[in-house]
Protein chains: 2
Amino acid sequence: MGWAILPALCVLWLLTGAAFVGVKLGILGLGTVGTGTVQLLLDRTERHPLLQEIEILRVGVKSVEKPRDVQLPSGTLSSDLTSIVTDPKIDIVVELIGGLEPARSLILQAIDCGKHVVTANKAVISRFGDEILNAANKAGVYVMLEAAVGGGIPVVQPLKQSLSVNRIQAVTGIVNGTTNYILTKMQTQGSSFDDVLSDAQRLGYAEADPTADVDGWDAADKISILAAIAFGGRIKRDEVYCEGIRQVSQTDITYAEKLGFTIKLLAIAKREESSPLAVKVHPTLVPIDHPLASVSGVYNAVLVEGEPLGQVMFSGPGAGAGATSSAVSSDILNLVARIKSSPFNEKANGKNAKPQITCLDPLLASAHQDYCQIAPMSELVTRFYARFLTKDQSGVIGKLGTSFGNHGVSLESVVQTGFQQDLAEIVVVTHDVKEGNFEQALKEIRTLEAVDSIPSLLRVL
Amino acid sequence: MGWAILPALCVLWLLTGAAFVGVKLGILGLGTVGTGTVQLLLDRTERHPLLQEIEILRVGVKSVEKPRDVQLPSGTLSSDLTSIVTDPKIDIVVELIGGLEPARSLILQAIDCGKHVVTANKAVISRFGDEILNAANKAGVYVMLEAAVGGGIPVVQPLKQSLSVNRIQAVTGIVNGTTNYILTKMQTQGSSFDDVLSDAQRLGYAEADPTADVDGWDAADKISILAAIAFGGRIKRDEVYCEGIRQVSQTDITYAEKLGFTIKLLAIAKREESSPLAVKVHPTLVPIDHPLASVSGVYNAVLVEGEPLGQVMFSGPGAGAGATSSAVSSDILNLVARIKSSPFNEKANGKNAKPQITCLDPLLASAHQDYCQIAPMSELVTRFYARFLTKDQSGVIGKLGTSFGNHGVSLESVVQTGFQQDLAEIVVVTHDVKEGNFEQALKEIRTLEAVDSIPSLLRVL
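Here the residue numbering is sequential within each chain, running from 1 through the sequence in written order. Both sets of labels track the order of writing: A upward for chains, 1 upward for ligands. Reporting of local features is limited, given that this is a predicted model, to residues whose pLDDT is at least 70; pairs of side-chain atoms are given and counted only at 80 or more, and all residues count toward the totals for whole chains, interfaces and linings. The basis for the side-chain values is all heavy atoms of the structure; hydrogens and waters are excluded.

A. Fine view of the overall build of chain A. Each helix corresponds to a stretch of at least 4 residues labelled H or I by DSSP, and each strand to a stretch of at least 2 residues labelled E; elements are numbered beginning at the N terminus. A tally of helices and strands in chain A yields 14 helices and 17 strands. Projected onto its principal axes, the C-alpha positions of chain A cover 90 × 55 × 35 Å. Relative to its 461 residues, chain A shows a buried fraction of 60%. Residue contacts are counted whenever heavy atoms from the two residues lie within 4.5 Å of one another. Considering only residue pairs separated by 6 or more positions, chain A has 73% of its internal contacts joining residues 24 or more positions apart. Only the protein chains shown count as covering a residue, and every accessible area follows the Shrake-Rupley method with a 1.4 Å probe. Here chain A has roughly 18,000 Å² of accessible surface; of this, 51% comes from carbon and sulfur atoms. Two residue types count as positive, namely Lys and Arg, and two as negative, namely Asp and Glu; His and chain ends fall outside the count. Where a charge lies is defined by one atom per residue type, namely NZ (Lys), CZ (Arg), CG (Asp) and CD (Glu). Here chain A contributes 40 positive and 49 negative side-chain charges, whose respective centroids are spaced 6 Å apart. Any residue under 20% of the maximum accessible area for its type is buried, any over 50% is exposed, and the rest in between are partly exposed; the area is computed with a 1.4 Å probe on protein chains only.

Below, the structure written as C-alpha cells:
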C-alpha cells in the first residue's frame, strides 16, 4: 500500500524541520486576550513542542506607541490592520479585536488572501458566520472559533470531532459568566440584582454597559454557534429567542430554592424527533440535582445530550485572559499541526517551499450550508413558574385554575406564599404546556378583576 | 499562494465521492461494544454525513454461528482474526475484543500491515502502549483510543488537541464506574461494601470477578494512559501506585461526611514544578464542594488543571454500549476525515486509487517516546485520614500526637468519635505530610501498648 515509504518521507521532513519556515501569525488586537495569547505562545517551556514552529510576525493594534505587557521585536506592531491580513508572508490571522466591524471585513479579507483564521469573536460569527464560512469554504481555509464559546473549555472541537457521530438531542449551556456570577451572588448573599451588578462592575466581572450580558445577547450569540455545530445547519441569529435576567428577583430565587430549584440563565438548543429546532436563552429554574445547578460564579458549562451517548458535560472558566488564550492558542496549534502534516505542494523544491493544507478536513471545516428551521416560541413545550399578586379574596386560586384549564394548561402546584402589602402572592408551577397556550391563559388571567399583577414568569427545566 | 486552485480540486474530489471507494473497516469483536458500534455505523440518519463513507467489510468473532443482534451481509463474519488484520482491502482495524492477548498481537499485525487502529482496550494500551505506539509511528499510522478512558466522554482528544498548549499540572479522574457506583450506594443507602457489590453484580454494574475494578487496576490502566497524553511521556504501568476500595467501610463514609467529605476512588496524575510525576489510584476523601464530589453512580469525570487554563472538567457516562460505541465511532470518523482530506497518492489515477494519509498530524499521533519519571510514593505529599482503635485510657490522644510529632506529621484534627466494644475510636486528619514521614509515624504508633489497631488509612484531596 505504499505506507512504508511515505512515513519515511514524513519523518525526514519533520526531522529537517530546522530548515522549514515556521508558520507565521498575524494577530489583530493586543488587549487582555491578545496579550495573554502572545505571552502563552512565547513562553514555550513544558508546553507542546509544536509551539516552536510558530512565529508571531505581526500584531495589529490601535496605538503602536502605547506601553505593552509583552516584548515583541521592533517592527512587529502595526496600526495598519489591512496590511497584516493581506501580508503574503502570513499563514494564520488571529482576530482578537472583537465587535462587528472592522472585525468582519478584516476576517473576510484574510480569507480572500488564503489565510486561515482563528477568532474569539462570538458576535461576528453568530451574525456573519454564513458569509464568513462560505468564503472560507470557497478559499479552502479553516475558520477556528473554540474561544468564541465557553472560554477555555474545549466544546467547539469536541462537538465537531468527538460527538458528531451522535444524533444530538440537546445542547444546554451556562455560557455567560457575568450573569452566572450575578445569579450566584443573588442566591448566596440574598442581594438584589442591582446591588450585585454594581459589585460585579467594580470587580471587573461585568462591563460598564452590561446590556450584552444581562439581556442575554452574548449567550444567544454563543448558543447560535453551538447549535450550528451540533445540529449541522446554520442559525439565523435574530430567530433566537432571548430573555435576560433583569427581571429575576430575590423573591423568585428564594421561592425557587424552596421548590428545589436554582435559577440559571440557560442557553438551549434542542430538537425533539425531526421537528424544527428550539434555540433560546432565558432564565430557568433548574432542579438542584441537575448537573448544571452546581455550576456557580463565573464558571461556564455545556451539557450535550445525544444518542447513543447519553449526557456529557464540559465545565470550566468561561472567560479571562488565561482561559481564552488557551482556547485561541489551541486553535492555532491545531492549524499548525494540519499545516505540518500536509505534504509538499508543487513548489516544494523551491526556496520558499512550505507545506500547505491541500484539502480541508470535513470534521474541522464548516460543512453545513443550509439553515436550520427554528421553531416559533409559541409552538415549544415547557414548564412555567409564575408569580401572581392578587386581591386577598376567597376563590382567587379557583379562578386562576379555571383560566389555565380553559387553555389546556395543567398545573403541578399552586401555593399561596404570603402577602405583599395587602395583596396575596400566589406561585404557580405548571406541567409541560405549549408556550402559546400558556400565553393565552395569561391573557385571560390578566383580565380577571382579582389579579393585580404578574411580577414573574420563568421557565422550568 | 496557490490556494485558489487546490480547494477547487478538493471540492471536485469530494463531489465525485460516489466514485470514491469507501473507507473499509475490519472490526474485531462483536460483544456489547462491537454490536453497539456496528449498530451506530449502520444507522446513519441524522448523524454526520461522513459516516456514509464507511464500509464494514469484515467482523471477527469467536463463533460465526452464534445469533447476533445486528444484520450484516453474509460473509462479513469470520473467526479468522489474523486474516482480517492482514486483509489488504482493510484501512482501519477496530479492536474491541479486550484483554491482553490476542489483542496485542492482532493490533501489532494490523499496524505492520499499514492499517490505522481504533481500540477501546485500556489494558493493552497501558501495558503495551510503548511497543504499539512505536510500531505505529514507524508504520506511519494512527492508534486512536478515545474509548479506552471515560467511555463516551471526550477526554483523550481534548487533552491531545485542545489542552496541549497548557502546562498541565494535574489530571484527576473518577474513571471507574463500578467503584463509583459502589461508593455512591454505600453512602446513600448506608450498606456495606459486600452487600453493594453483590447488588452491583446482580444489576450488571460489576463483573463476576470484580478484582480489576474494586482493586483499582482498571483505574490505574486509565490514569497511565491519561498521564502519558497530558504530560507528554510514556508511563510504566507497574510504577503506578494502586489501592482499591475493599477497605473502605461504612464507618469511614459516615465520618468523612461529618467532616465535610465524600469518599471517591480517584486516579491522579500530578506534577509539582519540575519534580517527577505522581501517578496513583486510591480512595480519597474529597471535599463536598469539590467538582468531583458530585459525580455519582456509574458516571465518570476527569478534571484537568493547567496553566494558563485553570480547571476544566469533563463528565458523563463512563461505560455502556452507547457511550463506548460513541467514542469508538468518533475515532473512526476522525480517521475517515483525515483519509478524506489527504491528497491523492501516486496511484491516484489507477483503478483502485484512494487517498492516503501521507504524514501524521503531530497532535493526533503519539509524539512522545521518553518515559516519565514517576515519584516514589514515600516522597509524595498528601493529607491523611486515619482511624484508630485504642484502649480506653487517658492520655492516648497525647501519645498519638507525640508519635506523629516525632516524625514531623502535623495534625489538623483529632476526634474521639466513640467506642467500638470496649475500645475507643479516634479519627485523625493530618495537614500535608510526606508519605514516608507518615509511614514512619504509623510504625511507631503501632508499637504503642494503648493502640489496638488502625482499621482505616485514607488520603484526603
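There's plenty left to go through after this.
B. Looking closely at the pairing of strand β15 (residues 423–430) of chain A. Residues and elements named next belong to chain A. Across the 8 residues that make up β15, a large majority, 8, are buried. The two faces of β15 match: Leu423, Glu425, Val427 and Val429 on one face and Ala424, Ile426, Val428 and Thr430 on the other face are all buried. Only when DSSP finds a minimum of two bridges between them are two strands counted as paired. The hairpin turn running from strand β14 (residues 411–420) into β15, its antiparallel successor, is 2 residues long, and glutamine 421 in that turn takes a positive phi close to 50°.

C. Main features of the pattern of salt bridges. Within this document, salt bridges are pairs made up of a side-chain nitrogen of Lys or Arg and a carboxyl oxygen of Asp or Glu, the two lying within 4 Å of each other. For the structure shown, the criterion picks out 54 salt bridges over all chains. Between Arg127(A) and Asp221(A) there is a salt bridge, with its nearest N and O atoms 3.0 Å apart. With Arg127(A) in helix α5 (residues 122–139) and Asp221(A) in helix α10 (residues 217–231), the pair connects residues that are 94 residues apart, well separated along the chain. Judged by relative accessible area, Asp221(A) falls into the buried class, the value being 5%. Overlapping salt bridges, with partners in common, bring together Asp43(A), Arg47(A), Arg167(B) and Glu307(B) in one network.

D. Structural view of the sheet that holds strand β4 (residues 92–95) of chain A. Residue and element names in this part refer to chain A. One open sheet holds the 6 strands; their spatial order is β3-β2-β1-β4-β5-β6, and the pairing between them is parallel. With partners counted over all chains shown, the strands left at the sheet margins are β3 (77–78) and β6 (143–144), one partner each. In the sheet, strand β1 (residues 23–28) pairs with strand β2 (residues 54–60) via 6 bridges, with the strands oriented parallel. The partner of isoleucine 27 across the bridge, within β2, is valine 59. To obtain each axis, a line is fitted to C-alpha atoms, and for helices this fit is confined to the stretch in contact; angles are then taken between N-to-C directions over 0 to 180 degrees. Packed onto the sheet, helix α2 (residues 32–42) meets β1 and β2 and runs at close to 155° relative to β2. Contacts from helix α4 (residues 103–112) reach β1, β4, β5 (116–119) and β6, with the element oriented near 155° to β5.

E. Broad picture of the sheet that holds strand β4 (residues 92–95) of chain B. Residues and elements named next belong to chain B. Pairing is parallel in the open sheet, where 6 strands are placed in the order β3-β2-β1-β4-β5-β6. With partners counted over all chains shown, the strands left at the sheet margins are β3 (77–78) and β6 (143–144), one partner each. In the sheet, strand β1 (residues 23–28) pairs with β4 via 4 bridges, with the strands oriented parallel. Bridge assignment links leucine 28 to a residue of β4, and that residue is glutamate 95. Lying on the sheet, helix α4 (residues 103–112) is in contact with β1, β4, β5 (116–119) and β6; it crosses β5 at an angle near 155°.

F. Structural detail: the packing of aromatic side chains. Only centres within 6.5 Å qualify two rings of Phe, Tyr or Trp (six-membered ring in Trp) as a pair; their planes then separate them into stacked at under 30 degrees, edge-to-face at over 60, and tilted for everything else. Inspection of the entire model under this criterion finds 9 aromatic pairs over all chains. Where Phe388(A) meets Phe404(A), the ring centres are 6.2 Å apart and the plane angle is 75°; that geometry is what we call edge-to-face. With Phe388(A) in strand β13 (residues 381–391) and Phe404(A) in helix α13 (residues 396–406), this pair connects stretches of sequence that are 16 residues apart. You'll find Phe388(A) and Phe404(A) in the same group, each marked buried. The interplanar angle of 0° and the centroid separation of 3.8 Å between the aromatic rings of Phe384(B) and Phe438(B) together place this pair among those described as stacked.

G. Expanded view of the side chain of Asn121(A). Residue and element names in this part refer to chain A. Secondary-structure assignment places asparagine 121 in the loop between β5 and α5. Take asparagine 121: its relative accessible area is 4%, and that puts it in the buried class. Two N or O atoms count as a polar contact when they lie within 3.5 Å, although within protein this holds only if one can serve as hydrogen donor and the other as acceptor, and sequence-adjacent residues are included solely when both atoms are side-chain atoms. Only 3.3 Å separates the side chain of asparagine 121 from the side chain of glutamate 95, close enough to count as a polar contact. Looking at asparagine 121, its side chain comes within polar contact range of the main-chain oxygen of glycine 99, at 2.8 Å. Discounting residues that sit within four places of it in the chain, asparagine 121 has contacts with Glu95, Gly98, Gly99, Ala103 and Ala148.

H. Just the UniProt feature "binding site: NADPH" (unreviewed entry) in chain A, in detail. All names here are of chain A. UniProt positions are given in the numbering used here, feature names are shortened, and annotations may be inferred rather than shown by experiment. With numbering matched to this structure, UniProt assigns "binding site: NADPH" (unreviewed entry) to Lys122. The residue lysine 122 is located in helix α5 in this model. Excluding residues within four positions of it along the chain, lysine 122 makes contact with Ala148, Asp218, Asp221, Lys222 and Ile225.

I. Main features of the relation of the copies chain A and chain B. When the copies are superposed, the least-squares fit takes in the C-alpha atoms of residues with a pLDDT of at least 70 in both. Turning chain A through 180° and shifting it by 0.0 Å along the axis lays it on chain B, with an RMSD of 0.0 Å. The relationship between the two copies is best expressed as a two-fold rotation axis. For chain A, the smallest separation between a C-alpha atom and the rotation axis is recorded for Phe314(A), amounting to 2.4 Å.

J. View of the UniProt feature "binding site: L-homoserine" (unreviewed entry) in chain A. Residue and element names in this part refer to chain A. Per the UniProt record, "binding site: L-homoserine" (unreviewed entry) is annotated on Glu207. Inspection of the secondary structure puts glutamate 207 in the loop between α8 (193–203) and α9 (211–214). Setting aside residues no more than four positions away along its own chain, glutamate 207 makes contact with Gln201 and Asp213.

K. Molecular detail of the pairing of strand β10 (residues 278–287) of chain A. Residues and elements named next belong to chain A. Counting buried positions along β10 yields 9 of 10 residues, so the element is predominantly enclosed. With 2 bridges connecting them, strand β8 (residues 241–242) and β10 associate as parallel partners. The residue bridging cysteine 242 from the neighbouring strand is valine 281, located in β10. One ladder, built from 10 bridges, connects strand β9 (residues 261–270) with β10; its direction is antiparallel. For lysine 264, the partnering residue across the bridge sits in β10 and is threonine 284.

L. The confidence of the model for chain A, seen in detail. Residues and elements named next belong to chain A. Values of pLDDT, ranging from 0 to 100, describe the predictor's confidence in every residue of the model. In this model, chain A carries an average pLDDT of 91, and 92% of its residues clear a pLDDT of 70 or more. Per-residue pLDDT stays below 50 along residues 1–19; that stretch engages in 28 contacts with residues further than four places along the chain or on separate chains. Note that pLDDT drops below 50 for residues 345–351; the model gives that stretch 4 contacts with residues more than four away or on any other chain.

M. Spotlight on the interface of chain A and chain B. Each partner contributes to the interface: chain A provides 70 residues, whereas chain B provides 70 residues. When chain A packs against chain B, close to 6,100 Å² is buried across both sides, 58% of that on carbon and sulfur atoms. Linking chain A with chain B are 6 salt bridges. Taking the shortest distance from any N to any O, the salt bridge between Glu307(A) and Arg47(B) comes out at 2.8 Å. Here the quantity called buried area is the accessible surface, traced with a 1.4 Å probe, that two parts lose on coming together, added over both.

N. Highlighting the state of the cysteines. Note on terminology: disulfide denotes any pair of cysteine sulfur atoms within 2.5 Å. Per the stated rule, a full pass over the model turns up 0 disulfides over all chains. For the unlinked cysteine Cys372(A), the closest cysteine sulfur is that of Cys242(A), found at 18 Å.

O. Geometry of the domain arrangement of chain A. Residues and elements named next belong to chain A. When cut into domains, chain A gives domain 1 (5–151 + 320–349), domain 2 (156–315) and domain 3 (378–460). Each of domain 2 and domain 3 has a C-alpha centre, and the two are 25 Å apart. On the side of domain 3, 14 residues touch domain 2, which itself brings 17 residues to the contact. Three residues stand out in domain 2 for area buried against domain 3, namely Asp252, Tyr255 and Leu285, and they jointly supply 38% of the buried area on that side. Seen at the junction of domain 2 and domain 3, the total is 2 salt bridges. Its salt-bridge partner being arginine 387, residue aspartate 252 comes within 2.7 Å of it at the nearest N-O pair. At the junction of domain 2 with domain 3, the criterion picks out 8 residue pairs in polar contact (both at pLDDT 80 or more). Breaking the side of domain 2 that touches domain 3 down by element, the ones donating at least two residues are α11 (250–258), β9 and β10. Per-element tally for the side of domain 2 that touches domain 3: the top contributor is β10, with 6 residues. Note that Gly is not counted as nonpolar here; it falls among the polar residues with everything else outside the nonpolar set of Ala, Val, Leu, Ile, Met, Phe, Trp, Tyr, Cys and Pro and the charged set of Asp, Glu, Lys and Arg. For the side of domain 2 that touches domain 3, the class distribution of residues is 9 nonpolar, 5 polar and 3 charged. An automatic or database domain assignment is the source of the domain bounds shown.

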